[in-house]
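# Results of the structural survey
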Amino acid sequence: MLSVIRDYFSIVKELVTPDAIYEGIENVPFDSLYQKGYRTILLDVDNTLLVYNELFMTLQKVNCIQRFKAAGFRVYLISNNSSHRRIQRVSRQLEVFGIHFSLKPFVWSTRNFAKRMGFDLTRSIIIGDQLFTDVIMGNWLRSYTILVDPLDKKLSFVKTVQREIELFLLRKFQVSRS
Ligand SMILES: [Mg+2]
């Protein structure tokens, strides 16, 4: 019985532990990740690139994504937002392709998208602000996972509870900030 619990614990740990944590996408050491062989960056949209009710990104975020591209990365958006229009607007602003309503942490949409676009998920970096969607999906797909701080710190009640659980797990599994 105890070993079953231990196995379960280690599976959960593996799924929710990001490979790295940074304050924001600007802090990601993309050059060294490129040297390690990663070629694609998959970005979460809400609270990673822009706040829920905002329509446009800051110039800082846009510039950062231009730097990813200039370094040789292919960049895509993977969003759980159900609004096609919203994700399309961000896609246009960044000149990248993306999918909305991706149902993270489930991997099916992202896997199909990778097949369609022809990129290797094991050589991809997934960046997002939530353990339970972005990081779990990325680990499930065997990609490199990066957790960033949510842009909007004033979260809804449900999101606050979720965030507390996420922070608890990070402490529990002793994942520290890079
Ligand atoms: Mg998000």
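Summarised in this report is the structure supplied together with it. Just so we're clear, the structure is a prediction, and the values are computed from it rather than from any experiment.

Now for the coordination of the magnesium ion. Every protein donor of the magnesium ion is listed here as Asp44 (OD), Asp46 (O) and Asp129 (OD), and their distances to the metal cover 2.1 to 2.3 Å. Read N to C, the donor residues that coordinate the magnesium ion are spaced as D-x1-D-x82-D. One end of the pair, Asp44, is in the loop between strand S2 (40–43) and helix H3 (59–70); the other, Asp129, is in the loop between strand S5 (124–128) and helix H6 (131–140), and 85 residues separate them in sequence. A residue is classified by how much of its surface remains accessible, and Asp129, at 4% relative accessible area, is buried.

What follows is about the packing of helix H1 (residues 2–16) against H6. In contact at an axis separation of 7 Å, H1 and H6 are set at 100° when each is read in the N-to-C sense. As the angle between them shows, H1 and H6 are arranged roughly perpendicular. Facing Glu14, Leu15 and Val16 of H1, the residues of H6 in contact are Leu131, Phe132, Val135, Ile136, Asn139 and Trp140.

With parallel pairing, the six strands of this open sheet are ordered in space as S1-S6-S5-S2-S3-S4. Pairing within the sheet leaves two strands with one partner each, and these edge strands are strand S1 (20–22) and strand S4 (97–99). The sheet shows a mean angle of 25° between the axes of neighbouring strands, taken without regard to direction. Packed on one face of the sheet, helix H4 (residues 84–94) meets strand S3 (74–78) and S4 and runs near 165° to S3.

Cut-off values and rules
- Counting starts from 1 at the beginning of each chain's written sequence and moves along it residue by residue.
- Local features in this predicted model are restricted to residues of pLDDT 70 or higher, and side-chain atom pairs are both shown and tallied only at a pLDDT of 80 or more, whereas totals for entire chains, interfaces and linings draw on every residue.
- Calculated side-chain values reflect all of the structure's heavy atoms, with hydrogen atoms and water omitted.
- Ligating atoms shown are N, O and S within 2.8 Å of the metal, or 3.2 Å for Na, K and Ca, and water is not included, meaning a site may look less than complete.
- A run of H or I in DSSP becomes a helix once it reaches four residues, and a run of E becomes a strand once it reaches two; helices and strands are each numbered from the N terminus.
- Burial classification: accessible surface area is computed with a 1.4 Å probe over protein chains only, and a residue below 20% of its type maximum counts as buried, one above 50% as exposed, and the rest as partly exposed.
- Axes, fitted as lines to C-alpha atoms, cover a helix only where it is in contact. Angles between the N-to-C directions of the axes lie from 0 to 180 degrees.
- Between 65 and 115 degrees an angle is taken as roughly perpendicular, under 35 as roughly parallel, over 145 as roughly antiparallel, and anywhere else as oblique.
- The contact criterion used throughout is that any non-hydrogen atoms of two residues lie within 4.5 Å.
- Only strands that DSSP links by at least two bridges are regarded as paired with each other.

Without other data, these values stay purely geometric and don't point to any function.
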